Amino acid sequence: MAKSLGYLEGVLSENKFLSSSSFSPTDILVGFPLLSLPSQIFSPHPNVSVWLDAVRQNTKPLSEQLVEAGRSSLDGEKSSIKGKKDAKPKKGKTDQGKKQADSKPAARKLRILCIHGYRQNGKTFREKLGSFRKLVGKQAEFEFVTAPHHIPSENPEEQDQFGWWFSQASKSFDAHEDSTCDLGFSESVSTVEEALVKGVGGDKFDGILAFSQGASLAAHLCVLQETGKLNSNFKFCILVAGFVSRTLQHKSVFQTMQQADSSVTIPTLHVFGDTDKVIEKEMSEDLVQYFASPDIIRHPGGHFVPATGEGKKEFNLFLEKMQKLL
């Protein structure tokens, strides 16, 4: 079993699915028998775990019945060996187990690509995330990418502002505006895709953290990756003040996925503020429906990445879960 899972882990490190970039009958034939096994078996194989979650989502309700049958079988086995648990372990073995636990290597830091909001750039976004980076510094390291489109302004103090696309041909953007214009969007998709492929220090990025217009772009990238239309393999995404772009052709990408009874299967964390006046919480809440297993942080503040308050621990918990997928 260990060798088989090791082989699958290698295959899935290069591709999201077994025989192609999209879900196929091969994934059902190979993955379905594994769904009845205890989840602990797959903990050393994060790519297999993520792939099996996708198999489970795409084969409901049959997969749920199979998982439940596996749990019932496991409960029966636990009952049959209950009497053995009272046996007192030998001192030597206990000490040896303790030493092995103490020598367990610490989880490595996650590599996260950060996508800034409209009228920001990589440098300013990094500065704004100072408190947040300190909060999660033991769990993650961050790289920042700048949008390829300069926002025109006659104000000398606004010459370092960039955007991912414009909703008007005059190079302006309004997140609330229904439009058919997405000037610069395809170039921005390519910019982020290239950054993901390049990675950092020769290693691939594990996930994405994105804010506002950048989070809207990142959500779009999640859909493209899910449908096999993006050359990337990031494992999770954190979307702060995200929303579905109201550019018509962007909305249709989400709607087409939903009409196919599909959703984004990678783990996601959605963060939004109750008093956000730039991207109202209702816009961020509307985005959540397109994701299979979203975690949510709702904070009482406005348009920013929260690093204080009750919700800050939720960031640490989410990143801890992502570290276990490595």
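For the structure itself, consult the block above.
(A) Region of interest: the side chain of Q323. You can see Q323 is positioned in helix α12 (residues 312–324). Those residues in contact with Q323, other than ones at most four positions away along the chain, are A107, R108, K109, L110, K138 and Q139.

(B) Structural detail: the packing of helix α8 (residues 185–198) against helix α9 (residues 213–226). The contact between α8 and α9 brings their axes to 11 Å, and the two run at 75°. Here α9 runs roughly perpendicular to α8, going by the angle between their axes. Contacts between α8 and α9 involve F185, S188, V189 and V192 from the former and L217, H220, L221 and L224 from the latter. When the residues that make up the contact of α8 with α9 are grouped by side-chain class, the tally is six nonpolar, two polar and no charged.

(C) A look at the packing of aromatic side chains. On inspection of all chains with the given rule, the structure shows 10 aromatic pairs. Considering the side-chain rings of W165 and F173, the 5.3 Å spacing of their centres and the 80° angle between planes classify their relative orientation as edge-to-face. Take F173: its relative accessible area is 18%, and that puts it in the buried class. Between F236 and F318 the ring centres are 6.0 Å apart and the planes differ by 75°, which places this aromatic pair in the edge-to-face class. In this pair, F236 sits in strand β6 (residues 236–240) while F318 sits in helix α12, placing the two residues 82 residues apart along the sequence. Here the two residues F236 and F318 agree in accessibility, since each one is buried. By way of ring pairs, the aromatic residues Y118, W165, F166, F173 and F185 are connected into one cluster.

(D) Structural view of the sheet that holds strand β7 (residues 268–273). Spatially, six strands are ordered β2-β1-β5-β6-β7-β8 in an open sheet, and the strand pairing comes out parallel. Edge positions in the sheet fall to β2 (140–145) and β8 (294–299), since each of these pairs with one other strand and no more. Averaged over all pairs of adjacent strands, the angle between their axes in this sheet comes to 20°, without regard to strand direction. As paired elements, strand β5 (residues 207–211) and β6 share five bridges and run parallel to each other. In the strand pairing of β6, L209 is matched with I238.

Conventions and cut-offs
- Along each chain, numbering runs from 1 in the same order as the chain's sequence is written.
- Where totals are concerned, whole chains, interfaces and linings use all residues; where local detail is concerned, this predicted model gives features only for residues with pLDDT of at least 70, and gives and counts side-chain atom pairs only at 80 or more.
- The basis for every side-chain value is the complete set of non-hydrogen atoms in the structure, without hydrogens or water.
- Starting at the N terminus, helices and strands are each numbered in turn, a helix being any DSSP run of H or I of at least four residues and a strand any DSSP run of E of at least two.
- Should any heavy atoms of two residues lie within 4.5 Å, those residues are counted as being in contact.
- Lines fitted to C-alpha atoms define the axes, with helix axes restricted to the stretch in contact, and inter-axis angles between N-to-C directions lie between 0 and 180 degrees.
- Just so you know how the angles are binned, under 35 degrees is roughly parallel, over 145 roughly antiparallel, 65 to 115 roughly perpendicular, and the rest oblique.
- Each residue gets one of three labels, nonpolar for Ala, Val, Leu, Ile, Met, Phe, Trp, Tyr, Cys and Pro, charged for Asp, Glu, Lys and Arg, and polar for the others, Gly among them.
- Geometry of aromatic contacts follows a simple scheme: Phe, Tyr and Trp rings, the Trp one being its six-membered ring, pair when their centres are within 6.5 Å, and the pair is stacked under 30 degrees between planes, edge-to-face over 60, tilted otherwise.
- Relative accessible area decides the class of each residue, using a 1.4 Å probe on protein chains only: under 20% of the type maximum gives buried, over 50% gives exposed, and in between gives partly exposed.
- Between any two strands, pairing holds if DSSP finds at least two bridges.

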